[in-house]
Amino acid sequence: MNTTKAITSDYDVKPIQSGDLSRAIDIWSLSFGFLDRDRWSMFYDSFLDTAIGAYADDYLVTIVGITNFQMWFGDQLVPCAGVCAVASDPAHRQRGLVRKCVAAGLAESHRKRVPLTALWPFSYPFYKRMGYEVTDLQHMVELEIRSLPDLGDATTYRRLHPDHYDPLKPIHDEWIKQSSLSIKRGDLQWRRLLNHPERQICAFVHDDGYILWNIKDRTNRTLDVFEWAWNSKQAFIDGLSLLKRMDDLNFDKVRFRMGALDDLLELGVTYPVPTISVKPGLMTRVLHTDAFVELLGKKVPPFAINDPLGVSESYGDAGALSDARAMTPGEVVQVVTDFYSAKPEGVPDDLFRAVASKRNYTVEFF
Ligand SMILES: CC(C)(COP(=O)(O)OP(=O)(O)OC[C@H]1O[C@@H](n2cnc3c(N)ncnc32)[C@H](O)[C@@H]1OP(=O)(O)O)[C@@H](O)C(=O)NCCC(=O)NCCS
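What counts and how
- Residues numbered from 1 in each chain as written.
- Predicted model: local features only at pLDDT ≥ 70, side-chain atom pairs only at ≥ 80, totals over all residues.
- Heavy atoms only, no water.
- Pairing = 2+ DSSP bridges.
- Helix = DSSP H or I, 4+ residues; strand = E, 2+ residues; numbered from the N terminus.
- Axes fitted to C-alpha atoms, helices over the stretch in contact; angles between N-to-C directions.
- Contact = heavy atoms within 4.5 Å.
- Near = heavy atom within 4 Å.
- Areas by Shrake-Rupley, 256 points an atom, 1.4 Å probe, with all protein chains shown as cover.
- Nonpolar A, V, L, I, M, F, W, Y, C, P; charged D, E, K, R; others polar.
- Core = buried A, V, L, I, M, F, W, Y, C linked by side-chain atoms within 4.5 Å.
- Buried < 20%, exposed > 50% of the residue type's maximum accessible area, 1.4 Å probe, protein only.
- Domains from an automatic or database assignment.
- Disulfide = S-S within 2.5 Å.
- 1 Å grid on protein atoms, 1.4 Å probe; cavity = no way out; pocket = protein on both sides within 12 Å on 5 of 7 lines; lining within 4 Å.
- Points joined across faces, edges and corners; volume = space filled by probe spheres on them.
- Parallel < 35°, antiparallel > 145°, perpendicular 65-115°, else oblique.
- Left-handed = near helix turned anticlockwise from the far one by under 90°.

### What about the sheet that holds strand S13 (residues 275-280)?
Taken in spatial order, the seven strands of this open sheet run S8-S9-S10-S11-S12-S7-S13, and their pairing is mixed. Looking at which strands have only one partner, the edges of the open sheet turn out to be strand S8 (158-160) and S13. Going across the sheet, the axis of each strand differs from the next one's by a mean of 25 degrees, ignoring polarity. The sheet contacts of helix H6 (residues 168-177) involve S8, strand S9 (201-206), strand S10 (209-214) and strand S11 (222-230), and relative to S10 the element is tilted by about 105 degrees.

### Some thoughts on the site of the ligand
Around the ligand there are 18 residues in total, and Val86, Ser88, Gln94, Gly96 and Val98 lie nearest to it. Starting from 920 Å² of accessible surface for the ligand in isolation, the protein chains cover 67%. Of the residues that constitute the shell around the ligand, the class distribution is nine nonpolar, five polar and four charged.

### A word on the nonpolar core
Counting 48 residues, the largest nonpolar core has Trp28, Phe73 and Phe366 as its most contacted members. Secondary structure elements with two or more residues in this core: helix H2 (21-32), helix H3 (37-47), strand S2 (50-56), strand S3 (59-73), strand S4 (76-88), strand S5 (116-119), helix H10 (289-296) and helix H11 (329-336). The residues that make up this core include at least three from each of domain 1 (3-114) and domain 2 (138-280). Setting aside chain neighbours within four positions, we find Phe366 in contact with Phe47, Thr67, Phe69, Gly82, Val83, Cys84, Ala118, Leu119, Trp120, Ile183 and Leu282. Counting 28 residues, the second-largest nonpolar core is a separate cluster that includes Leu148, Ile211, Leu243 and Phe256.

### A closer look at the state of the cysteines
In the structure shown here, the tally under the stated rule is zero disulfides. Of all cysteine sulfurs in the structure, the one in Cys80 sits closest to Cys84, which takes part in no disulfide; the separation is 11 Å. Residue Cys101 stays outside any disulfide, its sulfur separated by 13 Å from that of Cys84, the closest cysteine. For Cys101, a relative accessible area of 0% puts it in the buried group.

### Points about the pairing of strand S14 (residues 283-286)
A two-sided burial pattern is seen for S14, the buried positions comprising Met283 and Arg285 on one face and Thr284 and Val286 on the other. Examined bridge by bridge, S5 and S14 share four bridges and lie antiparallel to one another. From the neighbouring strand, Leu116 faces S14, where its bridge partner is Val286. The sheet contact formed by strand S6 (residues 133-134) and S14 spans two bridges and is antiparallel. Bridging across to S14, Glu133 finds its partner in Thr284.

### What about the layout of surface pockets?
Space inside the second largest pocket adds up to approximately 340 Å³. Considering the residues around the second largest pocket, the lining is formed by 17 residues, among which Trp175, Gln178, Trp230, Gly259 and Ala260 are closest to the centre. Breaking the lining of the second largest pocket down by element, the ones donating at least two residues are S11, strand S12 (253-258) and helix H9 (262-265). Residue classes in the lining of the second largest pocket are distributed as six nonpolar, five polar and six charged.

### A short note on the packing of H3 against helix H7 (residues 187-194)
The relative placement of two packed helices comes down to the angle between their axes together with the axis-to-axis distance. Two numbers describe how H3 lies on H7: the axes approach to 12 Å, and their chain directions differ by 160 degrees. Comparing the axis directions of H3 and H7 gives the class roughly antiparallel. Where H3 crosses over H7, the handedness of that crossing is left-handed. In this structure, H3 contributes Arg39, Met42, Phe43, Ser46 and Phe47 to the contact, and H7 contributes Leu188, Gln189 and Arg192.

Everything listed here is a matter of coordinates, which is why it stays silent on function.
The structure is reproduced here in structure tokens:
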């Protein structure tokens, strides 16, 4: 193609045609460094619900995918548009094409009255400029295996072949129900998680939990527990005893992720000192404001939204809003859920923590 022409021409933003799949895979492979074309092709066919592209003439240069999830929002499972697979051809970067494609993708989900959208960012400021905000905090815990308390029974965890993951599904469903903004996992997502090319997985299942760890990554002699679900304290304590038995030739530390630290802190692990870092998690924002307000299940006063993408509208009578502090669509989710414990200034009382019976915590990666 004529590259000079493509750089200087205008771009069209529109749904990607299936005939452009090979070109999309070229862009993804280059941008993400995963070269398995079959895996990308399967991802496009079965995982993406919408793919929006920016085209220079007829040449695809930027991609934004949308995958539709069910997300727990308090006690309700609600639709959420997940933005993913965002990538640009290097020759066409820094032209605002991602922003345009995200806006177009969200506008389509808005037409379907989808109340929420979420994503895992490569850069938090980048998506903050599109109205998203961090909505959960995650704790990465790293411990010397020898420091783990041995108060439980490791034999209550049974080894499970990852191909036979059915017993994990109800445990996972129960686990994510305990949090808000957690995402329902279907079979496709289970298979993607358990067949990840960079992992060699060991799975253990307990009556009330499961542990998945990756023995391929032995960096710093640290066992990478990439998912640990426990629905009772006993499953946590038994799991610590199981991990303690991994103090072997290959590992002397263990790393896992927690939403709340209470279960660990109650055990008083103090020496050797654990390393605990707090990381921002998922970014979320309101999409269709009226549909979102319906989920609150109560009357709330009008509130103003200032959406940098121009997709989400304010709630209620515009005339009544002239003095109100406008929030970004992401702030609205922060304000309504268990993200802030103190009310930020200018937020209506009835909106603050309107759906906050559960802590926000999301593990599903997409
Ligand atoms: C990230 C990526 C999609 C951006 O594409 P792009 O076409 O340049 O996007 P846009 O032109 O819409 O936006 C450019 C903005 O992104 C910012 N940006 C680009 N790379 C960045 C990075 N690594 N960290 C932080 N910000 C970055 C630029 O500073 C610019 O900000 P500005 O608008 O304030 O000037 C592209 O660099 C890419 O494909 N990277 C590899 C794959 C990837 O990381 N995808 C993101 C997955 S969520």
